[in-house]
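Read off the chains here:
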Amino acid sequence: MHPTIADLQSFARQAGELLREGYGREHAVHHKGRINLVTEVDRRSEELLLGLIRERFPGHAILTEESGRHQGSEDHLWYLDPLDGTTNFAHGLPGFAVSIGYAAAGEVRLGAIYDPLKDEMFWAERGQGAWLNDSRVHVSAADDLLQSLLTTGFAYEDWVIETNLKHVVRFRRLCQGLRMLGSAALDLCYIAAGRLDGYWEVLVYPWDLAAGGLIASEAGALVTTLQGGAGYLTPPCSILAANPALHAKMRVELATSDQALGA
Ligand code: IPD
Ligand code: CA
Ligand code: CA
(Lines give C-alpha, C1' and ligand atoms only; values in the text may rest on other atoms or scores of the structure.)
(Ligands and ions follow the chains in the order given, each with its own letter.)
Protein backbone atom coordinates (compact mmCIF):
# COMPACT_ATOMS: atom_id res chain seq x y z
CA MET A 1 0.00 0.00 0.00
CA HIS A 2 1.24 3.49 -0.88
CA PRO A 3 1.19 6.33 1.65
CA THR A 4 -0.43 9.65 0.77
CA ILE A 5 1.05 13.10 1.24
CA ALA A 6 -1.37 13.49 4.19
CA ASP A 7 0.36 10.53 5.87
CA LEU A 8 3.78 12.15 5.50
CA GLN A 9 2.46 15.49 6.75
CA SER A 10 0.85 13.86 9.76
CA PHE A 11 4.03 11.94 10.65
CA ALA A 12 6.22 15.05 10.20
CA ARG A 13 3.89 17.13 12.35
CA GLN A 14 3.91 14.56 15.18
CA ALA A 15 7.71 14.36 15.16
CA GLY A 16 7.90 18.16 14.89
CA GLU A 17 5.78 18.45 18.03
CA LEU A 18 8.38 16.39 19.86
CA LEU A 19 11.14 18.68 18.61
CA ARG A 20 9.24 21.79 19.68
CA GLU A 21 8.68 20.37 23.17
CA GLY A 22 12.38 19.55 23.51
CA TYR A 23 13.64 22.83 22.09
CA GLY A 24 15.51 25.10 24.50
CA ARG A 25 15.79 22.44 27.21
CA GLU A 26 18.90 20.77 28.53
CA HIS A 27 19.84 17.75 26.45
CA ALA A 28 21.93 14.67 26.76
CA VAL A 29 24.26 15.40 23.84
CA HIS A 30 26.47 12.65 22.45
CA HIS A 31 29.26 12.95 19.92
CA LYS A 32 29.07 10.71 16.83
CA GLY A 33 32.35 12.28 15.73
CA ARG A 34 34.59 15.20 16.69
CA ILE A 35 31.87 17.78 15.88
CA ASN A 36 28.93 15.57 14.92
CA LEU A 37 26.26 15.65 17.62
CA VAL A 38 23.18 13.62 18.40
CA THR A 39 20.67 14.40 21.15
CA GLU A 40 18.07 12.19 22.76
CA VAL A 41 15.49 14.21 20.81
CA ASP A 42 16.95 13.02 17.47
CA ARG A 43 16.57 9.46 18.72
CA ARG A 44 13.06 9.90 20.14
CA SER A 45 11.90 11.58 16.94
CA GLU A 46 13.33 8.71 14.90
CA GLU A 47 11.69 6.07 17.12
CA LEU A 48 8.36 7.83 16.81
CA LEU A 49 8.61 7.95 12.99
CA LEU A 50 9.73 4.32 12.75
CA GLY A 51 6.78 3.25 14.90
CA LEU A 52 4.28 5.24 12.82
CA ILE A 53 5.57 3.84 9.53
CA ARG A 54 5.77 0.25 10.76
CA GLU A 55 2.26 0.41 12.13
CA ARG A 56 0.66 1.80 8.95
CA PHE A 57 3.03 0.42 6.33
CA PRO A 58 4.59 -2.82 7.58
CA GLY A 59 7.08 -4.30 5.15
CA HIS A 60 8.30 -0.99 3.72
CA ALA A 61 12.07 -0.38 3.71
CA ILE A 62 13.30 2.63 5.70
CA LEU A 63 16.60 4.55 5.54
CA THR A 64 17.19 6.76 8.56
CA GLU A 65 20.04 8.87 9.82
CA GLU A 66 20.43 7.43 13.32
CA SER A 67 19.77 3.72 12.84
CA GLY A 68 20.57 3.14 9.17
CA ARG A 69 18.70 0.80 6.85
CA HIS A 70 15.66 -1.16 8.00
CA GLN A 71 15.02 -4.00 5.57
CA GLY A 72 11.75 -4.30 3.70
CA SER A 73 10.36 -4.19 0.19
CA GLU A 74 12.65 -1.94 -1.84
CA ASP A 75 9.61 -0.96 -3.92
CA HIS A 76 8.62 1.19 -0.96
CA LEU A 77 11.51 3.13 0.56
CA TRP A 78 11.22 5.85 3.20
CA TYR A 79 13.98 8.40 3.84
CA LEU A 80 13.93 9.89 7.34
CA ASP A 81 15.91 12.68 8.91
CA PRO A 82 14.20 12.92 12.30
CA LEU A 83 15.96 16.19 13.16
CA ASP A 84 17.82 18.01 10.41
CA GLY A 85 19.76 20.86 11.98
CA THR A 86 20.87 19.08 15.15
CA THR A 87 23.72 21.51 15.84
CA ASN A 88 21.28 24.45 15.76
CA PHE A 89 18.84 22.55 17.97
CA ALA A 90 21.50 21.63 20.53
CA HIS A 91 22.58 25.30 20.76
CA GLY A 92 19.02 26.61 21.15
CA LEU A 93 19.20 28.24 17.71
CA PRO A 94 16.14 28.16 15.41
CA GLY A 95 16.53 26.42 12.06
CA PHE A 96 15.76 22.71 12.21
CA ALA A 97 13.12 20.44 10.72
CA VAL A 98 11.80 16.92 10.28
CA SER A 99 12.34 15.54 6.77
CA ILE A 100 10.40 12.61 5.30
CA GLY A 101 10.69 11.32 1.75
CA TYR A 102 8.95 8.34 0.18
CA ALA A 103 10.10 6.54 -2.97
CA ALA A 104 8.06 3.97 -4.94
CA ALA A 105 9.93 1.66 -7.30
CA GLY A 106 13.12 3.71 -6.94
CA GLU A 107 11.60 7.15 -7.60
CA VAL A 108 10.92 9.72 -4.90
CA ARG A 109 7.21 10.51 -5.15
CA LEU A 110 6.35 12.30 -1.89
CA GLY A 111 8.22 14.71 0.39
CA ALA A 112 7.28 16.62 3.55
CA ILE A 113 9.57 18.86 5.62
CA TYR A 114 8.20 20.44 8.77
CA ASP A 115 9.71 23.35 10.70
CA PRO A 116 7.90 23.21 14.05
CA LEU A 117 9.00 26.63 15.32
CA LYS A 118 7.60 28.45 12.31
CA ASP A 119 4.77 25.96 11.76
CA GLU A 120 5.87 25.71 8.13
CA MET A 121 5.07 22.51 6.24
CA PHE A 122 6.80 22.27 2.87
CA TRP A 123 5.54 19.41 0.75
CA ALA A 124 5.37 18.01 -2.74
CA GLU A 125 3.90 15.14 -4.72
CA ARG A 126 5.74 14.33 -7.93
CA GLY A 127 4.13 16.16 -10.82
CA GLN A 128 1.86 18.29 -8.59
CA GLY A 129 4.07 21.29 -7.76
CA ALA A 130 5.54 22.34 -4.41
CA TRP A 131 3.68 23.86 -1.50
CA LEU A 132 4.25 25.75 1.74
CA ASN A 133 1.23 25.05 3.96
CA ASP A 134 -1.66 25.92 1.61
CA SER A 135 0.24 28.07 -0.87
CA ARG A 136 2.05 27.07 -4.03
CA VAL A 137 5.76 28.00 -4.05
CA HIS A 138 8.20 28.67 -6.89
CA VAL A 139 11.92 29.18 -7.22
CA SER A 140 13.23 32.71 -7.70
CA ALA A 141 13.96 34.09 -11.15
CA ALA A 142 17.46 35.30 -10.16
CA ASP A 143 19.91 34.54 -12.94
CA ASP A 144 22.72 36.92 -12.04
CA LEU A 145 25.10 35.71 -9.33
CA LEU A 146 25.64 39.28 -8.14
CA GLN A 147 21.92 39.55 -7.35
CA SER A 148 21.74 36.09 -5.76
CA LEU A 149 21.59 34.95 -2.15
CA LEU A 150 23.30 31.57 -1.91
CA THR A 151 23.51 28.95 0.80
CA THR A 152 25.81 26.04 1.56
CA GLY A 153 26.63 23.70 4.41
CA PHE A 154 29.50 21.68 5.77
CA ALA A 155 29.38 17.99 6.51
CA TYR A 156 31.34 16.88 9.54
CA GLU A 157 34.22 15.20 7.66
CA ASP A 158 37.52 17.14 7.69
CA TRP A 159 38.25 16.87 3.94
CA VAL A 160 34.87 18.45 3.18
CA ILE A 161 35.78 21.53 5.18
CA GLU A 162 38.91 22.15 3.11
CA THR A 163 37.17 21.47 -0.21
CA ASN A 164 34.10 23.54 0.49
CA LEU A 165 36.06 26.50 1.83
CA LYS A 166 37.48 26.94 -1.68
CA HIS A 167 33.97 27.06 -3.12
CA VAL A 168 32.87 29.43 -0.37
CA VAL A 169 35.71 31.87 -1.11
CA ARG A 170 34.85 31.83 -4.83
CA PHE A 171 31.10 32.28 -4.44
CA ARG A 172 31.40 34.89 -1.70
CA ARG A 173 33.27 37.11 -4.11
CA LEU A 174 30.71 36.59 -6.88
CA CYS A 175 27.31 36.67 -5.16
CA GLN A 176 25.21 39.15 -3.22
CA GLY A 177 25.24 37.19 0.02
CA LEU A 178 26.05 33.78 1.41
CA ARG A 179 24.28 32.00 4.26
CA MET A 180 24.86 28.80 6.19
CA LEU A 181 21.59 27.86 7.83
CA GLY A 182 22.63 24.51 9.29
CA SER A 183 19.78 22.46 7.81
CA ALA A 184 20.09 20.96 4.34
CA ALA A 185 16.36 20.20 4.32
CA LEU A 186 15.45 23.84 4.98
CA ASP A 187 18.07 25.02 2.47
CA LEU A 188 16.20 23.06 -0.21
CA CYS A 189 12.80 24.30 0.99
CA TYR A 190 14.00 27.91 0.90
CA ILE A 191 15.26 27.41 -2.65
CA ALA A 192 11.76 26.10 -3.46
CA ALA A 193 10.12 29.14 -1.88
CA GLY A 194 12.46 31.64 -3.58
CA ARG A 195 13.83 32.84 -0.23
CA LEU A 196 17.28 31.71 -1.36
CA ASP A 197 18.48 31.47 -4.94
CA GLY A 198 21.14 28.74 -5.02
CA TYR A 199 22.34 25.90 -2.75
CA TRP A 200 25.31 23.61 -3.02
CA GLU A 201 26.93 21.12 -0.67
CA VAL A 202 29.93 18.83 -1.16
CA LEU A 203 28.88 15.83 0.96
CA VAL A 204 25.38 15.09 2.12
CA TYR A 205 23.29 11.99 2.70
CA PRO A 206 20.13 10.63 1.10
CA TRP A 207 18.02 11.40 4.20
CA ASP A 208 19.11 15.07 3.95
CA LEU A 209 18.03 15.32 0.31
CA ALA A 210 15.19 12.98 -0.65
CA ALA A 211 12.24 15.13 0.45
CA GLY A 212 13.88 18.51 -0.18
CA GLY A 213 15.17 17.51 -3.61
CA LEU A 214 11.64 16.66 -4.73
CA ILE A 215 10.18 19.83 -3.19
CA ALA A 216 12.82 22.04 -4.86
CA SER A 217 12.44 20.38 -8.26
CA GLU A 218 8.64 20.58 -8.10
CA ALA A 219 9.10 24.31 -7.42
CA GLY A 220 11.11 24.67 -10.64
CA ALA A 221 14.68 24.09 -9.47
CA LEU A 222 17.21 22.02 -11.31
CA VAL A 223 18.52 19.61 -8.67
CA THR A 224 21.69 17.66 -9.47
CA THR A 225 25.01 16.52 -8.08
CA LEU A 226 27.77 19.15 -7.96
CA GLN A 227 28.93 17.81 -11.34
CA GLY A 228 25.47 18.24 -12.85
CA GLY A 229 24.46 14.54 -12.73
CA ALA A 230 20.94 13.35 -11.97
CA GLY A 231 21.93 10.82 -9.29
CA TYR A 232 22.14 13.09 -6.27
CA LEU A 233 20.62 10.41 -4.02
CA THR A 234 23.35 7.88 -4.82
CA PRO A 235 26.15 7.99 -2.22
CA PRO A 236 28.52 9.71 -1.96
CA CYS A 237 25.90 12.43 -2.44
CA SER A 238 26.51 16.04 -3.36
CA ILE A 239 23.95 18.66 -4.32
CA LEU A 240 23.46 21.73 -6.48
CA ALA A 241 19.98 23.27 -6.59
CA ALA A 242 18.88 26.50 -8.25
CA ASN A 243 16.63 27.70 -11.05
CA PRO A 244 18.05 26.39 -14.34
CA ALA A 245 19.73 29.66 -15.41
CA LEU A 246 21.51 30.18 -12.10
CA HIS A 247 22.29 26.47 -11.82
CA ALA A 248 24.26 26.68 -15.10
CA LYS A 249 26.30 29.61 -13.78
CA MET A 250 26.98 27.98 -10.43
CA ARG A 251 28.01 24.78 -12.19
CA VAL A 252 30.67 26.68 -14.17
CA GLU A 253 32.03 28.34 -11.02
CA LEU A 254 32.15 25.03 -9.13
CA ALA A 255 34.06 23.40 -12.00
CA THR A 256 36.53 26.30 -12.02
CA SER A 257 36.98 26.10 -8.29
CA ASP A 258 37.49 22.30 -8.57
CA GLN A 259 40.18 22.80 -11.20
CA ALA A 260 41.97 25.24 -8.91
CA LEU A 261 41.74 22.61 -6.14
CA GLY A 262 43.36 20.00 -8.37
CA ALA A 263 46.18 22.39 -9.34
C1 IPD B 1 23.34 18.37 8.68
C2 IPD B 1 22.66 19.65 8.29
C3 IPD B 1 23.66 20.65 7.76
C4 IPD B 1 24.45 20.10 6.61
C5 IPD B 1 25.12 18.79 6.99
C6 IPD B 1 24.07 17.81 7.50
P7 IPD B 1 22.13 17.07 10.68
O8 IPD B 1 22.40 17.40 9.11
O9 IPD B 1 21.70 19.40 7.27
O10 IPD B 1 23.02 21.82 7.29
O11 IPD B 1 25.41 21.05 6.23
O12 IPD B 1 25.73 18.29 5.82
O13 IPD B 1 24.70 16.60 7.85
O14 IPD B 1 23.36 16.40 11.21
O15 IPD B 1 21.80 18.33 11.37
O16 IPD B 1 20.95 16.12 10.58
CA1 CA C 1 20.66 15.91 8.23
CA1 CA D 1 19.68 14.57 11.57
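Whatever comes next refers back to the structure up there.
Calculation criteria
- Residues numbered from 1 in each chain as written.
- Chains lettered and ligands numbered in written order.
- Predicted model: local features only at pLDDT ≥ 70, side-chain atom pairs only at ≥ 80, totals over all residues.
- Heavy atoms only, no water.
- Donors = N, O, S within 2.8 Å, 3.2 Å for Na, K, Ca; no water.
- Buried < 20%, exposed > 50% of the residue type's maximum accessible area, 1.4 Å probe, protein only.
- Salt bridge = Lys/Arg side-chain N within 4 Å of Asp/Glu carboxyl O.
- Helix = DSSP H or I, 4+ residues; strand = E, 2+ residues; numbered from the N terminus.
- Contact = heavy atoms within 4.5 Å.
- Core = buried A, V, L, I, M, F, W, Y, C linked by side-chain atoms within 4.5 Å.
- Domains from an automatic or database assignment.
- Axes fitted to C-alpha atoms, helices over the stretch in contact; angles between N-to-C directions.
- Parallel < 35°, antiparallel > 145°, perpendicular 65-115°, else oblique.
- Left-handed = near helix turned anticlockwise from the far one by under 90°.
- Nonpolar A, V, L, I, M, F, W, Y, C, P; charged D, E, K, R; others polar.
- Near = heavy atom within 4 Å.
- Polar contact = N/O pair within 3.5 Å; in protein donor to acceptor, adjacent residues only side chain to side chain.
- Areas by Shrake-Rupley, 256 points an atom, 1.4 Å probe, with all protein chains shown as cover.
- 1 Å grid on protein atoms, 1.4 Å probe; cavity = no way out; pocket = protein on both sides within 12 Å on 5 of 7 lines; lining within 4 Å.
- Sits in = over half its atoms within 2 Å of the grid points.

By definition of the ideal shapes, four donors in a tetrahedron about a metal sit 109.5 degrees apart, and six donors in an octahedron sit 90 or 180 degrees apart. Protein ligation of the calcium ion (ligand 3) involves E65 (OE), D81 (OD) and L83 (O), the donor distances falling in the range 2.2 to 2.4 Å. In terms of primary sequence, the donors binding the calcium ion (ligand 3) are separated according to E-x15-D-x1-L. In this structure, the calcium ion (ligand 3) lies 3.7 Å from the calcium ion (ligand 2), and both are coordinated by D81. No difference in accessibility class separates D81 from L83, as the two residues are buried.

Below, the discussion takes up the pattern of salt bridges. Charged atoms that come close allow side chains of opposite charge to pair. Taken as a whole and judged by the stated rule, the model has 8 salt bridges. Among the ionic pairs, D119 bridges to R13, the shortest N-O distance being 3.2 Å. Here D119, found in the loop between strand 7 (107-115) and strand 8 (120-125), pairs with R13, found in helix 1 (residues 5-22); they are 106 residues apart in sequence, far enough to count as distant. Residue D119 is classed as partly exposed on the basis of its relative accessible area of 38%.

The next subject is the environment of A241. Relative to the helices and strands, A241 is located in strand 15 (residues 237-242). On the basis of relative accessible area, A241 is assigned to the buried category, the value being 0%. Look past the residues within four positions of A241 in its chain and what remains in contact with it is L188, I191, D197, G198, Y199, L222 and V223.

What follows covers the nonpolar core. By size, the foremost hydrophobic cluster in this structure holds 39 residues, and its most contacted members are I113, I215 and I239. A total of 8 residues in this core trace back to one element, the largest contributor, which is helix 5 (residues 184-192). Inspection of this core shows a minimum of three residues originating in each of domain 1 (5-137) and domain 2 (145-262). Setting aside chain neighbours within four positions, we find I239 in contact with L188, Y199, W200, E201, V204, L209, V223, T224, T225, L226 and Y232. Grouped together as the second largest cluster of nonpolar side chains are 28 residues, L49, I62, I100 and A112 included.

Take the packing of helix 1 against helix 2 (residues 40-56) next. For the pair helix 1 and helix 2, the least separation of the axes is 9 Å and the interaxial angle reads 155 degrees. By the angle class used here, helix 1 and helix 2 are roughly antiparallel. As helix 1 runs across helix 2, the sense of the crossing is right-handed. In this structure, helix 1 contributes D7, F11, Q14, A15, L18 and L19 to the contact, and helix 2 contributes V41, R44, S45, L48, L49, L52, I53 and R56. Counted by class, the contact of helix 1 with helix 2 contains 9 nonpolar, 2 polar and 3 charged residues.

To continue, consider the site of ligand 1. Taken together, the neighbourhood of ligand 1 is formed by 17 residues, with D84, G85, Y156, A184 and E201 sitting nearest. Take L83: an N or O atom from its main chain is 3.3 Å from an oxygen atom of ligand 1. Notes on ligand 1: free accessible area 380 Å², of which the protein chains cover 95%. Structurally, ligand 1 is housed in the largest pocket. Looking at side-chain class alone, the shell around ligand 1 contains 7 nonpolar, 5 polar and 5 charged residues.

The values reported here are purely geometric and, on their own, carry no functional implication.
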